[in-house]
Amino acid sequence: MSSCNPEFIQTTQLSFDDVPASGAMEGGGAYNKHAMLQARGSASALPCWERAVGHVALDHGDLPIVIADYGSSQGKNSLAPMRIAIEILRSRVGPDRPILVCHIDLPINDFNALFALLAGDPGCYSRNESKVYSCAFGRSFYESVLLPNHVHVGWSSYAAMWISRIPTSLRGHIFVPSSTVAERSAFERQGAQDWETFLSLRAKELRPGGRLVVVVPGARDDGLSGFENIMNHANAVLVEMLEDGAITADEYERMVLGVWPRRRQDLLAPFTSDGGFHDLILESCETTPIADAAWADYQRDGKLADLVNKRAAFYRATFAPTLASALRLAHEPEICRAFTESLEHKLKRRLTHEPAPINSLVVTIVLAKLGFM
Ligand SMILES: C[S@@+](CC[C@H](N)C(=O)[O-])C[C@H]1O[C@@H](n2cnc3c(N)ncnc32)[C@H](O)[C@@H]1O
């Protein structure tokens, strides 16, 4: 952070090629602790996941059954789906067949926190399982991550809405759904291209007869996702920081979240009328409204401070690292920490004055790879 004159806002066209679309989640287990909203959303997809794992084609060999978790972050929200998958697979193949769980995330993800969780969390899926193995891959899911025809069942929760690159700057906002039509079009194109890339890469990695379940926060037909209110508050905080000279105009302009909540029709667009795309067949696509548990608690107990603390901690753990990555001195942990704490503090103040529910929705897509081995 450094001082600036707010009058100089928006004078030059910046290149966004060096702006990471996603800065991963807040490390040190913070995401694990504060991603309750994501946990509820992905829990809504578990019935689809159970069915999908139950239908995966399995051979009678003794090679490991491979489960891939695309966009695992620090792993807490992956424990339940991985545990469920292992229980179902065990009931199908017996106790002796090895099962390999591959967690995939960006190289900047806090993999130490992931491994600490896998070693110490009482809810870890490998507890009481001598033949379950875990590994992690620090690579973007917009690249090939695993060997072709390798994955029996893939899970991806609250991750594929992060796009691969920022296609345009946003005038006066950090979140594209709150932005102009032209800016939204650029994100829409990038989102469409990335979704096809994601699907075609997973199609190669899945084994014939394998299943992929993708859970993403979606947008309604009008393009709204339910996160606009909190994003508007966060943006107002950043404008305040800009006006106070806590961040520069360049830094603010580079603060763009590479998140594109897609509408149901955007997610279904790659599939032909008979549900095919590459070797994948669409088995189901369900849209589920996600009840805002923090808001429900507040409605019941009236504890505004609890609501505001949960909201700000969720926002900080999920989005602050990406915003901080736009700081000129982003490589200095103390600078990032000061920025993050200031963002959280000011966000709490705004949310205290204007508390509101987050009425989000989640789309769960189940895909099968053609053919059997
Ligand atoms: C909101 S977290 C979701 C974590 C967890 N799956 C859950 O349901 O809570 C999104 C994760 O996706 C990861 N991510 C974003 N873009 C990615 C990419 N291109 N390749 C791999 N992981 C990515 C982020 O680093 C982050 O850890």
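Here goes a summary of the coordinates provided.

The rules behind each value
Residues numbered from 1 in each chain as written. Predicted model: local features only at pLDDT ≥ 70, side-chain atom pairs only at ≥ 80, totals over all residues. Heavy atoms only, no water. Pairing = 2+ DSSP bridges. Helix = DSSP H or I, 4+ residues; strand = E, 2+ residues; numbered from the N terminus. Contact = heavy atoms within 4.5 Å. Axes fitted to C-alpha atoms, helices over the stretch in contact; angles between N-to-C directions. Parallel < 35°, antiparallel > 145°, perpendicular 65-115°, else oblique. Left-handed = near helix turned anticlockwise from the far one by under 90°. Near = heavy atom within 4 Å. Nonpolar A, V, L, I, M, F, W, Y, C, P; charged D, E, K, R; others polar. Buried < 20%, exposed > 50% of the residue type's maximum accessible area, 1.4 Å probe, protein only. Polar contact = N/O pair within 3.5 Å; in protein donor to acceptor, adjacent residues only side chain to side chain.

Overview of the sheet that holds strand β4 (residues 151–157)
(1) Moving on: With mixed pairing, eight strands are arranged side by side in an open sheet as β3-β2-β1-β4-β5-β8-β7-β6. For this open sheet the edge positions go to β3 (132–138) and β6 (276–277), each flanked by a neighbour on one side alone.
(2) Moving on: Strand direction decides the pairing type here: strand β1 (residues 65–70) and strand β2 (residues 99–105), joined by six bridges, are parallel. Residue pairing in the sheet places A68 in a bridge with C102 of β2.
(3) Moving on: Against the sheet, helix α5 (residues 111–120) contacts β2 and β3, and its axis sits at roughly 170 degrees relative to β3.

Quick word on the packing of helix α7 (residues 228–243) against helix α12 (residues 333–353)
(1) Moving on: Where α7 meets α12, the closest approach of the two axes is 9 Å, and the angle between their N-to-C directions is 120 degrees. When the interaxial angle is binned, α7 and α12 end up oblique. Both α7 and α12 take part in a crossing whose hand is right-handed. On the side of α7, the interface is formed by I230, H233, A234, A236, V237, L238, E240 and M241, while α12 contributes F339, S342, L343, K346, L347, R349, R350 and L351.

Here's the deal with the site of the ligand
(1) Moving on: Near the ligand, the surroundings consist of 19 residues, among which Y31, G71, D105, F141 and S157 are the closest.
(2) Moving on: Grouping the amino acids of the shell around the ligand by side-chain chemistry returns nine nonpolar, eight polar and two charged.

Quick look at the packing of helix α10 (residues 293–301) against helix α11 (residues 304–324)
(1) Moving on: Contact geometry for α10 and α11: axes closest at 9 Å, N-to-C directions at 170 degrees. Taken together, the axis directions place α10 and α11 in an arrangement best described as roughly antiparallel. Of the residues in α11, those in contact with A294, W295, D297 and Y298 of α10 are L304, L307, K310 and R311.
(2) Moving on: Of the residues in the contact of α10 with α11, the class split is five nonpolar, no polar and three charged.

Notes on the pairing of strand β7 (residues 280–290)
Here is the key point about a regular strand: its side chains alternate between the two faces of the sheet.
(1) Moving on: Here two bridges tie β6 to β7, and the two strands are oriented antiparallel to one another. Paired with G276 across the bridge in β7 is I281.
(2) Moving on: Here β6 hands over to β7 after two residues, with H278 in that stretch at a positive phi of 50 degrees.
(3) Moving on: Pairing geometry for β7 and strand β8 (residues 360–369), over 10 bridges, is antiparallel. From the neighbouring strand, E286 faces β8, where its bridge partner is T364.

Thoughts on the environment of L224
(1) Moving on: By the element assignment, L224 lies in the loop between β5 (206–217) and α7.
(2) Moving on: Under the relative-accessibility criterion, L224 is labelled partly exposed at 30%.
(3) Moving on: Sequence spacing of L224 and P261 is 37 residues, and the spatial spacing of their C-alpha atoms is 8.2 Å.

Considering the side chain of N77
(1) Moving on: With respect to the helices and strands, N77 occurs in helix α4 (residues 76–93).
(2) Moving on: Of note is the side chain of N77, whose polar atom sits 3.2 Å from the backbone oxygen of A35.
(3) Moving on: Filtering out sequence-adjacent residues up to four positions away, N77 remains in contact with Y31, A35, Q38, A39 and S42.

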